[in-house]
Amino acid sequence: MSVPEIVSIGFHGGNIALYLAQLYADPLDVVRELVQNALDKAARHVLIEVDAMCDRSIKCYDDGAGASKSEIMQKFKSIGRSLKTEGDQFGQKGIGNLAGIAIAKCYRLITKDMDSEFDKIRVYELNRDILREQESPDLRIEDWPYAHVVSDKTIKGKVFQVSAMVHLSDVNTLALRRLADLGAIERIIVDAFNKKLFKDEPLIVIAYRDVKGKRTEKEIKPRLFSGIHMESERYDTQHGPLVFDFYFNEKPLENPRILVEHRGTNSFNLANLFKRKQVGEAMAEVFNRGHFEGTIRLGFCTISPARDTFEYDSELEMFVDILTRFTNQVLRPIVERIEEDERKDKFRRVADTIVRIVNRHFQADPGLLPLQFKSFINIRPETELEKKEEKPKVDKTLLRRQRKFSEEEGQTQEPREPQKSGKKSVIRPRESLSLVFVVPDSESSFAWHSRLSPQGVVEVNCVNSDFLKAEMMGLTKLVDYVFMLVAKEFVCGGSEPATAQIFGEHFEKDYMSFWRAILGRQT
């Protein structure tokens, strides 16, 4: 057997550095990295100034411990290696040191070791254009000729001595526009450091000056989760424990937050895993309903270099498997109960509206009521109809007992099967007009729209495709649709059987085709 030939692989170091920097191509990630580096150094005050008017720059000031020349050199010599593995530091692999040049032409860091009386203040500089020309990129280092990094800064009336300043110059115009959204900056910082914001209470302010010179500031504060605190769920795996600490909100939240907290330090929004298709759409649908907030805590999985998701490996598979189990056993049954109650409440409101219209109509002219209906429809005063029923609420004990119930019913990782057949009343029969929404059984066709029972109850098929389309278009359209069916049943009920049959057949065949055409033009 021949001896294999070994060929060295060559890299253009400057281009590789620029490529790694693109992991932080989103300007929000760059700002998050600036805050992270300051918090790593135990900063109590962090001020980030974005200037879109004059020099298109981003400046970050903090009063942390600073860093010596040897520490800075070690960071830039070890990019790609894991540097922060102890204590309460967040970073991974040092790639974040390149974040600034993803959106700016020049990166400058001015700092010193604040714990050393004799350390000098130095300037460390990276230039994007020079990096493109260098196979072995260099970090330019110069002594700072002044006694202080910069003059003291003031935020929210508090003065602090600056120990480190990062200056990004000639920032991309599109990046500056992105950073005008201070709310987005706040969300990404809180998602990443919420625990530390609570624990250490650093004062972090983001200031933005637009092209017209208007300055806007936002203080970054930790966010409490809203809702009812559910019992924590712990799953022990071969890689370590996985803990779900969630809150339930009966009224959906517009921007619910589920934070994935990795090893007690770094965190990111669970939505990042949905965006990268690392978690299935079925689970995303449950979380996107907005009923849950909280934290998922774990000490395994490999966090990505940008620290906003996990890398693909067997530990991620384990995480997704446990997340699926928790979602299907605990969360999905709650969501299904809410959806069922919400739909029942919607049907009650539809029925109340139609009953009110019918009663008003026949109160004005009782003689119009077909003879066949007089035996089972009693016209009630409208004031009685206006009495509101209490909206059904989710049983709060469900939040504590749901997993136990699921296990007793044999539900493990699979969601419950929806009811496919059998009559289902979703409103109470009225003393006047009785209106019931039903799911047809397997023996009857699903195509019919409505029918009148021998007891005088108008039954409406709530799984018919026309019903579902009207429901999707909103409550007003659903009321119009159901009222049309009720009117049809009144016509049929007041006609001879043969005439009623002919009318019903033409209604189903001809009129409903026009109805579908009208709905089609409105969608």
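Computed from a predicted model, the values in this text were never measured in an experiment. (Residues numbered from 1 in each chain as written. Predicted model: local features only at pLDDT ≥ 70, side-chain atom pairs only at ≥ 80, totals over all residues. Heavy atoms only, no water.)

The helix and strand tally for the chain stands at 14 helices and 19 strands. With 523 residues in all, the chain has 48% of them scored as buried. Long-range contacts, defined as pairs at least 24 residues apart, comprise 67% of the intrachain contacts of the chain with a sequence gap of at least 6. Total accessible area computed for the chain in this model is approximately 27,300 Å², and 50% of it derives from carbon and sulfur atoms. (Helix = DSSP H or I, 4+ residues; strand = E, 2+ residues; numbered from the N terminus. Buried < 20%, exposed > 50% of the residue type's maximum accessible area, 1.4 Å probe, protein only. Contact = heavy atoms within 4.5 Å. Areas by Shrake-Rupley, 256 points an atom, 1.4 Å probe, with all protein chains shown as cover.)

Here we come to the pairing of strand β15 (residues 266-269). Here β15 shows no split at all, with Asn-266 and Phe-268 on one side and Ser-267 and Asn-269 on the other all buried. Pairing analysis gives four bridges linking strand β14 (residues 258-262) to β15, with the strands arranged antiparallel. Pairing of Val-260 across the sheet is with Phe-268, part of β15. (Pairing = 2+ DSSP bridges.)

Attention now goes to the confidence of the model for the chain. On average, residues of the chain score 82 in pLDDT, and 81% of them reach the 70 mark or higher. Scored below 50 in pLDDT, residues 375-392 shows 35 contacts in the model against residues more than four places distant or in partner chains. A low-confidence stretch, residues 403-431 (pLDDT under 50), is modelled with 62 contacts involving residues beyond four sequence positions or located in other chains. (pLDDT = per-residue confidence, 0-100.)

Tallied over the full model, the rule gives 36 salt bridges. The partner of Glu-125 in a salt bridge is Arg-108, and the shortest N-O contact between them spans 3.5 Å. You can see Glu-125 sitting in strand β4 (residues 122-127) and its partner Arg-108 sitting in strand β3 (residues 104-111), a full 17 residues away along the chain. By relative accessible area, which is 17% here, Glu-125 ends up buried. With a closest N to O distance of 3.1 Å, Asp-129 and Arg-132 form a salt bridge. With a gap of three residues between them, Asp-129 and Arg-132 both fall in helix α4 (residues 128-133), about one helical turn apart. Put simply, Asp-119, Lys-120, Arg-122 and Asp-143 are held in one network by salt bridges that share partners. (Salt bridge = Lys/Arg side-chain N within 4 Å of Asp/Glu carboxyl O.)

Take the nonpolar core next. Among the nonpolar cores identified, the biggest contains 48 residues, and Ile-48, Ile-58, Ile-189 and Ile-206 are the most heavily contacted of them. It is helix α6 (residues 182-200) that contributes the most residues to this core, nine residues altogether. When neighbours within four sequence positions are excluded, Ile-206 is seen to be in contact with Val-31, Ile-48, Leu-182, Ile-185, Ile-189, Thr-216, Glu-217, Lys-218 and Ile-220. Core analysis: the next-biggest nonpolar cluster, separate from the first, contains 35 residues, Phe-268, Leu-273, Phe-300 and Leu-331 among them. (Core = buried A, V, L, I, M, F, W, Y, C linked by side-chain atoms within 4.5 Å.)

The next subject is the packing of aromatic side chains. In this structure the tally under the stated criterion is 20 aromatic pairs. Between Phe-268 and Phe-310, the aromatic rings sit 5.1 Å apart at their centres with planes inclined by 80°, giving edge-to-face as the arrangement. One end of the pair, Phe-268, is in strand β15; the other, Phe-310, is in the loop between β16 (292-298) and α9 (314-364), and 42 residues separate them in sequence. Residue classification places Phe-268 among the buried residues on the basis of a relative accessible area of 2%. (Phe/Tyr/Trp six-rings, centres within 6.5 Å; stacked < 30°, edge-to-face > 60°.)

A few words now on the environment of Asp-480. As for its placement among the helices and strands, Asp-480 is situated in helix α13 (residues 475-493). Owing to a relative accessible area of 38%, Asp-480 belongs among the partly exposed residues under this scheme. Sequence separation between Asp-480 and Val-350 is 130 residues; the distance between their C-alpha atoms is 9.2 Å.

Quick look at the sheet that holds strand β8 (residues 164-171) now. Reading across from one edge, β5-β4-β3-β8-β2-β1-β9-β10 is the order of the eight strands in this open sheet, with mixed pairing throughout. The open sheet terminates on both sides in strands that have one partner only, identified here as β5 (140-143) and β10 (215-220). The mean angle between the axes of side-by-side strands here comes to 15°, regardless of whether they run parallel or antiparallel. Running over the sheet, α6 touches β9 (203-209) and β10 and is turned about 25° from β10. (Axes fitted to C-alpha atoms, helices over the stretch in contact; angles between N-to-C directions.)

Once that is clear, we can look at the packing of α9 against α13. A pair of packed helices is captured by two measures, namely the crossing angle of their axes and the spacing between those axes. For the pair α9 and α13, interaxial distance at closest approach is 10 Å and the crossing angle is 50°. One finds that α9 runs oblique with respect to α13. Crossing of α9 over α13 shows right-handed handedness. Mapping the contact onto sequence places Lys-346, Phe-347, Arg-349, Val-350, Thr-353, Ile-354, Ile-357, Val-358 and Phe-362 in α9 and Leu-475, Leu-478, Val-479, Val-482, Phe-483, Val-486 and Phe-490 in α13. Its residues assigned to classes, the contact of α9 with α13 comprises 13 nonpolar, one polar and two charged. (Parallel < 35°, antiparallel > 145°, perpendicular 65-115°, else oblique. Left-handed = near helix turned anticlockwise from the far one by under 90°. Nonpolar A, V, L, I, M, F, W, Y, C, P; charged D, E, K, R; others polar.)

Moving on: the environment of Tyr-235. Summarising the element assignment, Tyr-235 is placed in strand β12 (residues 233-237). Along the primary structure Tyr-235 and Phe-326 are separated by 91 residues, whereas in three dimensions their C-alpha atoms are 9.0 Å apart.

This next bit is on the packing of helix α8 (residues 281-288) against α9. At their nearest, the axes of α8 and α9 sit 10 Å apart, and the two run at 45° to each other. Judged on the interaxial angle alone, α9 and α8 are oblique. The element α8 and its partner α9 pack so that their crossing is left-handed. Here Ala-282, Met-283, Val-286 and Phe-287 of α8 come into contact with α9, specifically with Val-320, Leu-323, Thr-324, Thr-327, Leu-331, Arg-332 and Val-335. Of the residues assigned to the contact of α8 with α9, the class counts are eight nonpolar, two polar and one charged.

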